[in-house]
Amino acid sequence: MTNRVPDEALIKVPGNSLITPTPEEGRALAFDIARHTIHTIQPDLDVLQGGRPDYATTPDSLIRAAHVVAVEFATVAAANNYWRS
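Residues numbered from 1 in each chain as written. Predicted model: local features only at pLDDT ≥ 70, side-chain atom pairs only at ≥ 80, totals over all residues. Heavy atoms only, no water.

**Q** Which residues make up the overall build of the chain, and what values do they have?
**A** From N to C terminus, the chain includes 3 helices and 0 strands. If you list the helices and strands of the chain from N to C, you get α-α-α. With 85 residues in all, the chain has 24% of them scored as buried. Here the analysis covers contacts within the chain between residues at least 6 apart in sequence; of these, 68% occur between residues at least 24 apart. (Helix = DSSP H or I, 4+ residues; strand = E, 2+ residues; numbered from the N terminus. Buried < 20%, exposed > 50% of the residue type's maximum accessible area, 1.4 Å probe, protein only. Contact = heavy atoms within 4.5 Å.)

Structure representation (structure tokens):
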């Protein structure tokens, strides 16, 4: 048996909505979506955590991770019409 993310935690859109009241909450949602994406791709926590020493200290890997969050934030911002009234 593997140390696996529970199936009920493998959600694609936390809260089932991209709508947030503020850009700060939108950015937090972008991080959540990125994290859930990684867990969906690699639900085995032992494998995921085993690779952390490599990607956590590699600048290119960190830049790629930041890019994923930026793309998710752009999606959330578009859904919120950039928080315009």
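**Q** Which residues make up the layout of surface pockets, and what values go with them?
**A** Of the voids in this model, the largest pocket is the one considered here, and its volume is about 580 Å³. Together, 18 residues line the largest pocket, and Ala34, Ile38, Leu48, Tyr55 and Ala65 are the ones closest to its centre. Elements with a minimum of two residues in the lining of the largest pocket: helix H1 (23-41), helix H2 (45-55) and helix H3 (59-79). Each residue belonging to the lining of the largest pocket can be placed in one class, and the counts come to 12 nonpolar, 4 polar and 2 charged. (1 Å grid on protein atoms, 1.4 Å probe; cavity = no way out; pocket = protein on both sides within 12 Å on 5 of 7 lines; lining within 4 Å. Points joined across faces, edges and corners; volume = space filled by probe spheres on them. Nonpolar A, V, L, I, M, F, W, Y, C, P; charged D, E, K, R; others polar.)

Read these as geometric descriptors, not functional statements.
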